[in-house]
Amino acid sequence: MKLWSKGFEPDKMIEEFTVGADRQLDLQLARYDVEGSMAHITMLESIGLLTREELDTLLDALKDILAMIDRGEFTIEPGVEDVHSQVEFLLTQRLGDVGKKIHSGRSRNDQVLVDLKLFMRAELKEIARSMMRLFDRLQSLSEEHKDTLMPGYTHLQVAMPSSFGLWFGAYAEALVDDMELLAAAYRIADQNPLGSAAGYGSSFPLDREMTTRLLGFHTLHYNVVAAQMSRGKTERAASMAIAAVASTLGRMAMDVCMWMCQNFGFISFPDEFTTGSSIMPHKKNPDVFEIMRGKCNRLQAVPNEVALLTANLPLGYNRDLQLLKDIMFPATVEIRSCLDMADFMLQHIRVKSDILSDPRYDYLFTVEDVNRLTLSGVPFREAYRTVGMQVQEGTYKPTREVHHTHAGSIGNLCNPQIAEKMRNAAKEILPD
Ligand code: ARG
């Protein structure tokens, strides 16, 4: 039986096609749907659309449903369309006519909107927590290995001395920019759409400030049409933040794969963190980081999927929007699993010391030697030519001394300043 039933049931094939994955996906919204309903009916009582007794009865029944959700016993039954219908169905089953009063002044359109805002807020918070753990890990690895030099490359050719301190620290600082985007997406999600009803408001005198307070939103989407339009825009912002994190992680995964390769051999992991080959007995493969790289590349397609799904939709609710859940829900799970796996793996990373004593890296030091000559008074262009000619004639001998002092360089990583930036970027999304 549908909420909107008017004496006929839809064809079975139509039903399955339009419900799609909702019975499964909506389970993740169940808690937020109940919380949204609690705020809505508390407000309905305050404007005289429910009596105190009716409110108490409904709140008790909703608390029971929350407990059911906590116990993992909540399901969306066959024949029920979505979580919103299931909650209302349970209420009317238990309470009869009182249950039917809950939907005054709202539509499933603003109900699913509020569920998704609450869901997105919670997911973005969890992603931020995982990012913070990885950030802390990268920063402490950066400090631990700040004196271990490694080659720096441009054009994938040996270029200048770098260090593991710089490498780990670089990914930590890249995550700060990603956190800025995540915090922006969080702010966009943190607005109350409830009361926009089907997308054009209601003739009931709804107290939208009250539900905003009750649900802990920092503000509301005032304009009811803008509130409805925020479906898709919220997902777009969140997916762009997720894609930014994925691009950072994907690049790091690529570095790891490359540096685990025997031709580089800069890093390794204990055997139990690698995988083998069915034919080549010696193999210890970096599958974890390959899967991570692949997942992160796929995640960078998500904003595009959201954009294509929502581009130029007619104003107001359109059922296409339902498919946003199919795109976004797995993406939030994937990015967290990649972040947590990166943190787990990095706990076990082994870093090779003394890489630069290998003569194949001698040319890393040419710039250092040009600079040394320049500091002794030789004009830069002349010093450059002197060292260049030595390289050309095969007489260049590196002094192997590295002395970098400026902010952000090998000798002055500025990790505390980067940590301060991260705290600022995350302070709204992770205030605790
Ligand atoms: N499952 C629907 C969605 O996610 C819920 C809203 C249904 N609204 C409607 N007008 N059919 O969009």
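Up top is the structure.
In what follows, the accompanying structure is described. (Residues numbered from 1 in each chain as written. Predicted model: local features only at pLDDT ≥ 70, side-chain atom pairs only at ≥ 80, totals over all residues. Heavy atoms only, no water.)

Taken together, the residues surrounding the ligand are Asp22, Asp82, Arg108, Asn109, Val112, Arg231, Tyr317, Gln322 and Lys325. A distance of 2.8 Å is found between an oxygen atom of the ligand and a side-chain nitrogen or oxygen belonging to Arg231. Here the ligand loses 86% of its free accessible area of 340 Å² to cover by the protein chains. Top element by residues in the shell around the ligand is helix α7 (residues 108-144). It accounts for three residues. Partitioning the shell around the ligand into residue classes produces two nonpolar, two polar and five charged. (Near = heavy atom within 4 Å. Polar contact = N/O pair within 3.5 Å; in protein donor to acceptor, adjacent residues only side chain to side chain. Areas by Shrake-Rupley, 256 points an atom, 1.4 Å probe, with all protein chains shown as cover. Helix = DSSP H or I, 4+ residues; strand = E, 2+ residues; numbered from the N terminus. Nonpolar A, V, L, I, M, F, W, Y, C, P; charged D, E, K, R; others polar.)

Looking now at the pairing of strand β2 (residues 157-163). Note: strand β1 (residues 149-154) against β2, six bridges, orientation antiparallel. Each residue of the ladder has a partner; that of Thr154, found in β2, is Gln157. The loop that links β1 with its antiparallel partner β2 comprises two residues; one of these, His155, has a positive phi angle of about 55°. (Pairing = 2+ DSSP bridges.)

Turning our eyes to something else, we now look at unusual backbone geometry. Its identity is not glycine, yet Leu156 carries a phi of approximately 60°, on the positive side. Inspection of the secondary structure puts Leu156 in the loop between β1 and β2. Backbone geometry at Cys414 places phi at a positive 60°, although glycine is not the residue there. With respect to the helices, strands and loops of the structure, Cys414 is situated in the loop between α15 (380-393) and α16 (415-426).

Turning next to the packing of aromatic side chains. For the structure on display, the rule yields 14 aromatic pairs. Between Tyr153 and Phe264, the aromatic rings sit 5.9 Å apart at their centres with planes inclined by 70°, giving edge-to-face as the arrangement. With Tyr153 in strand β1 and Phe264 in the loop between α10 (224-260) and β5 (267-268), this pair connects stretches of sequence that are 111 residues apart. Taken together, a centroid distance of 5.5 Å and an interplanar angle of 35° make the contact between Phe269 and Phe289 tilted. Taken as a pair, Phe269 in the loop between β5 and α11 (287-299) and Phe289 in helix α11 lie far apart in primary sequence, 20 residues in all. In this structure Phe269 comes out as buried when scored by relative accessible area, which is 5%. By relative accessible area, Phe289 is classed as buried at 1%. One cation-aromatic arrangement involves Arg121 over Phe217; the distance from NZ or CZ to the ring centre is 4.7 Å. Over the face of the ring belonging to Tyr384 we find Arg381, whose NZ or CZ atom lies 4.8 Å from the ring centre. (Phe/Tyr/Trp six-rings, centres within 6.5 Å; stacked < 30°, edge-to-face > 60°. Buried < 20%, exposed > 50% of the residue type's maximum accessible area, 1.4 Å probe, protein only. Lys NZ or Arg CZ within 6 Å of the ring centre and 35° of its normal.)

Let us now look at the nonpolar core. Counting 115 residues, the largest nonpolar core has Phe74, Leu124, Trp167 and Met179 as its most contacted members. Once residues within four sequence positions are removed from consideration, Met179 is found in contact with Ala128, Met131, Met132, Met422, Ala425, Ala426 and Ile429. (Core = buried A, V, L, I, M, F, W, Y, C linked by side-chain atoms within 4.5 Å. Contact = heavy atoms within 4.5 Å.)

The next thing to look at is the environment of Ser277. With respect to the secondary-structure elements, Ser277 resides in the loop between β5 and α11. Of the residues examined, Ser277 reaches a relative accessible area of 25% and is grouped as partly exposed.

Time to look at α7. Along its 37 residues, α7 runs 53 Å from first to last C-alpha, staying within 8% of the 54 Å computed at 1.5 Å per residue. The buried fraction of α7 amounts to 27 of the 37 residues, a majority that puts the element mostly inside the structure. (Expected span 1.5 Å × (residues − 1).)

Time to look at the environment of Phe119. Structurally, Phe119 can be placed in helix α7. Along the primary structure Phe119 and Ala30 are separated by 89 residues, whereas in three dimensions their C-alpha atoms are 9.7 Å apart. The residues contacting Phe119, other than those within four sequence positions of it, are Gln28, Leu29, Tyr32, Phe329 and Thr332.

By the secondary structure assignment, Arg298 is in helix α11. Between the alpha carbons of Arg298 and Ala246 there is a distance of 8.8 Å; along the sequence they are 52 residues apart.

This part covers helix α12 (residues 302-310). Within the span of α12, buried status applies to Val302, Pro303, Val306, Ala307, Leu309 and Thr310. Across the axial projection of α12, the buried residues extend over an arc of 165°, all falling on one side. For α12, the secondary structure elements touched by its buried residues are α10, α11 and α13 (323-346). Once α12 finishes, Asn312 follows within two positions and takes phi at roughly 55°, a positive value. (Arc of directions from axis to C-beta.)

Time to look at a nonpolar patch on the surface. Nonpolar side chains collect at one region of the surface, where Tyr200, Met229 and Leu315 lie side by side and expose about 350 Å² of accessible area between them. Its place among the elements puts Met229 in helix α10. (Patch = residues over 30% accessible without salt bridge, like charges linked within 9 Å, V, L, I, M, F, W, Y side chains within 5 Å. Salt bridge = Lys/Arg side-chain N within 4 Å of Asp/Glu carboxyl O.)

The quantities given are spatial measurements derived from coordinates; they are silent on function.
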